[in-house]
Each structure stands twice: as C-alpha cells, then as structure tokens.
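One-letter residues, chain by chain:
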Amino acid sequence: MSHAIIPAMTLDTRLAEAFARLPDYLGSHVLVSLTALALGLGASLPLAIASRHRPWLRGSLLAAASVVQTIPGLALLALFYPLLLALSALSERVFGAGFSALGFLPSVLALALYSMLPVLRNTVTGLNGIDPRLRDAARVIGMSEGKRLREIELPLALPVIMAGIRTAAVWVIGTATLATPIGQQSLGNYIFTGLQTQNWVFVMFGCVAAAVLALAVDQLLALMQAGVERRSPARIALGVLGVLAIIAGALLPGLARPQATYVIGAKTFTEQYVLASLIKERLAVAGLSAAQRPGLGSNVLFDALAGNEIDVAVDYTGTIWANRMNRTDVLARDEVLDQMARWLKETHGIRMLGGLGFENAYALAMTRKKAQVLGISNIADLARHAGELSIAGDYEFFARPEWAALVKAYGLQFRAQREMQPEFMVPAVASGQVDVISAYTSDGQLAKFDLLVLDDPKHAIPPYDAILLLAPRRANDERLIAALTPLLDAIPVTLMRAANARAAGGGSSAEEAARWLGNEIGKK
C-alpha cells in the first residue's frame, strides 16, 4: 500500500484522542508523584532536623543525596526495577509471597530519592542560618530543645524549607514522566508514544500537562507557605483544598472505571503499539476487558510477563534466542520455534501461543542510491567500505548479541557509530546524516524512503518471527486463547508494514492502524 493514500489525522482528532487519555495518565501521574513526594519528605525532613547539630551526619546525608542527584532520572528509575525484581524473588522463596516490581513501586522509590536533596539542603541551610543569639536566649529562659525547634527554629526556617519542598515537588512531577519504560503509566506515556509514532501533538500535550501540573502544585505550596508565614488559616486551608482538589480530580475518574481483566504489554516502538491495540480490540470483541502497558524495555517486558505482571505480549524469536536463551547458533526457523516454546514453558512457565505470520528482524539498511554507487548488495560488501561510513542504531542495538554476531561474522568497523531514537533513524539515513542504519524488516518507512535492506549471507542474525506469549497464569485461559487464536499466522509482513506506515509519520493513531489491520485480517 502506498504511503500517499494513508489518511492524515487532523489536529482536532489528535487533541480529542489526547484528552480522552488524560484521566488515566493524569491520575496515575498524580498518584505516583505525590506518593513519592510524601515518602521523600517523610524521610528527609526528620533526617535534616536530626543532623543539624551533627556535622558528620549532615555531610554524609548531603553527599549521598548529591550522588543520587547526579544519576539521570531515567537511569535511576530503571535501576530500581531489577533490584526490586530480585527482592521479590527472594521474598517468594523465603516467605512464599512476592510483590510487584513493575511500575508503581520502583517509580515511587526512585522519585522519593530524587526529591530528597533540595529538602535536605534547604532544611539544613534554614535551621543553621538562624541567629545563634535567638537559641541562646531561648535556652536562658528555660526552653527545652524540642520546644525551641517547634516554636522558634522551624518557623524561622520555614521559608527556606518550603523553597526546597517546592523545588522537590517540581522535580518529582517532571521526572515522573520518565517512568513509562518501567511500566508506570504517567503523562510520560504521551511523550514516549508520541516520539515513537511521530505524533507531535501527543509530545506537546504531555509536556504541557506535566508543566501545568507542576506549576499548579508549586503555587498551592506557595499559598500554604504564605499562610503559615502570615498566620493566615484561610490561605493554608485554600492551599490544602487546592491540593486535595487536584488529587480528587485526577484520581476519581480512574477509580470509578472498572478494572480491566487482562493487561497487554508492549515495547517502545510503533509496531508494538499497533499490535497491543489489535490484541485489545480482539479481546473486546470476545467480551474481555483489557488495559495496555506500553513503552516497556525488552527485558522489562519479558520479566513482567514471566512474573504475571502482564498477561499477554508480542515478542520476537531472535530477541529471546539471543538475549534470554544466550544462544549464538542459528537454526532453521521451525527448530528455533520448537526449542524456544519448550524453553519458555520449562524455565518461566510462559506459553508461546504461536507466530503471527511475519518476521521483524534486525537488518542493516542504506539508501538504494548510495548502495548502487558503492556496489553494495549485502553485509559482506558493506564490510569492505565500512571504514569510510557511519552507522546509527537504536539505544539497544550496539549492546545486543546481534551486533556482536555481525561484527564477528563480517569484521565490521565503521568510521563513526551513533545512537538515536528509532523513529529518527530512517530520516537520518535518507537525508545523508548517516550512511547505514540498523533497520527493522517490517518497518513501513523502508519503502517510503527507498532503502535497501542488505542481505545477510552468513546468517549472523537469527530469525525474528513475531510470536504471541501468554503469562504463566494465563497459559490455559481458554477464553483468552480463543480470542487470540485467529491472529496466528494471519499477518503477512506486507500487511504489517502497511499498518506500521499508517501509525507512524503523521498518518493514523496506533488504534486506528490496529482497526485497519484487524479489518484486513478479517477479509482473508
């Protein structure tokens, strides 16, 4: 199908879709942000107060909080997931019960740590900045240390402390947008989804919504601060009511909605959004309710599926073969599927329901014009010119076994190597910013930009069949299996490319592309 006939979504349509998702995203964002902020304040305020007369403790706390602050927010969030996953497994072995390591808990803990530095620093600064003569005078008239703290030190230090709390609140609300890859729904879902599908309305909507929320909370905290400083109960009450109104307005729509029976996981690229929407649509037709948890990293998605934190997902045989099974040999497609199905069941309890009918393999691609000029038709040809060329890959590619296998098989050594968002790679190679990219064979933009996918004559990259996986607790769920079985072997790669093209580059939304794909499957 030609890209030119794909209908473009209007601004009004995109805005309507963004507002439709706002209750879910905003409610989750407010819940995780305020929980993390409350936890951070509950830890940092007592610690700051306890350290005000203990320089060694004060220095240690500020140093530790400063180190945490140097860790990028996304990395800090991501680090908590494997840590909690290991603790959950330990709890399961010792106590017979684990806990969810996906989404809310790692997000709250990471964001709470992220909130502590401004509160610690400002509380210490505010308390230590009080004129010592005031403390001496209070001591002379017989005030206890606790009374001096409550009636003199904290009120005088309050403006500085509140400035730290307000800074922490803005930081936490902003950083919470990065929690999407570890399974926490937030306003960041707009940003991650928008970047992957080039839906810039979603990106802007998410940024503006997060900024408005942060500013609203900051101003309400400022109002409460002014009320305390001026001893105005009305200001304090108004600020508290404002915060409560935000919480209620954000959470009540979600609480009123019935919980979904199934959770569908998806990775961080367009095809996964389309397939997750297609699965949700199929379950709805069968009378089953489902929610999506998109934007998960490859390892996070697999671990979440094995841990029954999501119920169904699409993965790829090559990813599991190389990354999870640590296999470097390349077998026939049917043999890979058979061995993988057994391994998934025996080691993780995951059921491989079957293949969807297409392959989305990693491949190397370049513009057809440049390939013809250099006489390149496969990766062996490319290796002879690699020293003069630059290559770009997604954030995972150069750390994956597939890249190591390509380098080993062909001796690839490029002049320059870059990492970038997947949706920017095709335009980058088409415009000549890079010479070669790591492509996906089902990418709908390959034909649009006339890219040549280079043959892999040594078969360094294993098969990448798209497969439907069910969590252990859903392995024998007859209703779920019956709803999903019509998708097996029903999607040829040409159809998947067309659906991906619709969902990327300003065409349709992932949901609309999924409906189109479902209709096309129904015609077969």
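Reference entry: report on the structure contained in this document. (Residues numbered from 1 in each chain as written. Predicted model: local features only at pLDDT ≥ 70, side-chain atom pairs only at ≥ 80, totals over all residues. Heavy atoms only, no water.)

## Notes on a nonpolar patch on the surface
The test is simple: Patch criteria: residues need more than 30% relative accessible area and no salt bridge. Like-charged residues are merged within 9 Å; nonpolar side chains of Val, Leu, Ile, Met, Phe, Trp and Tyr are merged within 5 Å. Areas reported here follow the Shrake-Rupley algorithm with a probe of radius 1.4 Å; residue values treat only the protein chains shown as occluding. Salt bridge, as used here: a side-chain nitrogen of Lys or Arg that lies within 4 Å of a carboxyl oxygen of Asp or Glu. Strands are runs of DSSP state E lasting at least 2 residues, helices are runs of H or I lasting at least 4, and numbering of each runs from the N terminus.
Together, Leu83, Leu87, Leu90, Val94, Phe95, Phe99 and Leu105 make up a nonpolar patch on the protein surface, roughly 660 Å² of accessible area in all. Counting residues per element, the nonpolar patch draws most heavily on helix α3 (residues 73-95), at five residues. By the secondary structure assignment, Leu87 is in helix α3.

## Remarks on the sheet that holds strand β5 (residues 362-367)
Selection criterion: Strand pairing is assigned whenever DSSP detects at least two bridges linking the two strands. Between N-to-C directions, angles span 0 to 180 degrees; the directions come from axes that are lines fitted to C-alpha atoms, helices contributing only their stretch in contact. Should any heavy atoms of two residues lie within 4.5 Å, those residues are counted as being in contact.
One open sheet holds the five strands; their spatial order is β7-β6-β8-β5-β9, and the pairing between them is mixed. Two strands bound the open sheet, and with one partner strand each, they are β7 (416-419) and β9 (451-453). Strand after strand, the sheet turns through a mean of 35° between neighbouring axes, direction not considered. Where strand β6 (residues 390-393) meets β7, four bridges bridge the pair, whose relative direction is parallel. Its bridge partner lying in β7, Ile391 is registered against Gln417. The strands that helix α17 (residues 422-430) touches are β5, β6, β8 (436-440) and β9; relative to β8, the one it contacts most, it runs at about 135°.

## A word on helix α7 (residues 188-197)
Counted only if it meets this: Only protein chains enter the area calculation, which uses a 1.4 Å probe; residues under 20% of their type maximum are buried, those over 50% are exposed, and those in between are partly exposed.
Judged by how many residues are buried, α7 sits mostly within the fold: nine of 10 residues are covered. Taken as a whole, α7 has its buried residues at Gly188, Asn189, Tyr190, Ile191, Phe192, Thr193, Gly194, Gln196 and Thr197. Taken together, the buried residues of α7 touch α1 (11-50), α8 (200-229), α10 (270-285), α17 and α20 (493-503). Of the residues flanking the end of α7, it is Gln198, one or two places downstream, whose phi is positive at about 55°.

## What to know about the pattern of salt bridges
For the structure on display, the rule yields 17 salt bridges. Across the salt bridge formed by Arg400 and Glu396, the nearest N and O atoms sit 2.8 Å from each other. On the accessibility criterion, Arg400 (6% relative accessible area) is buried. Note that Arg415 is salt-bridged to Asp435, the shortest N-O span being 3.9 Å. Taken together, the residues Arg415 in the loop between α16 (401-410) and β7 and Asp435 in the loop between α17 and β8 connect sequence positions 20 residues apart. Note on Arg415: relative accessible area 54%, which makes it exposed. By relative accessible area, which is 11% here, Asp435 ends up buried. Residues participating in the shared-partner salt-bridge network are Asp311, Arg473, Arg474 and Asp477.

## Concerning the nonpolar core
If you look at soluble globular proteins, the nonpolar side chains tend to sit buried side by side. In plain terms, the rule: Take the buried residues of types Ala, Val, Leu, Ile, Met, Phe, Trp, Tyr and Cys, join any two whose side-chain atoms come within 4.5 Å, and each joined set is a nonpolar core.
Core analysis: the biggest nonpolar cluster contains 78 residues, and Leu283, Leu364, Leu406, Ile437, Leu484, Ile491 and Leu517 have the highest contact counts within it. Ranked by residue count, the leading element in this core is α10, at seven residues. Apart from the residues lying within four places of it in its own chain, the contact partners of Leu517 are Val274, Leu278, Ile491, Leu495, Met496 and Ala499. Counting residues in hydrophobic clusters, the runner-up holds 69 residues, among them Leu41, Met162, Ala313 and Trp321.

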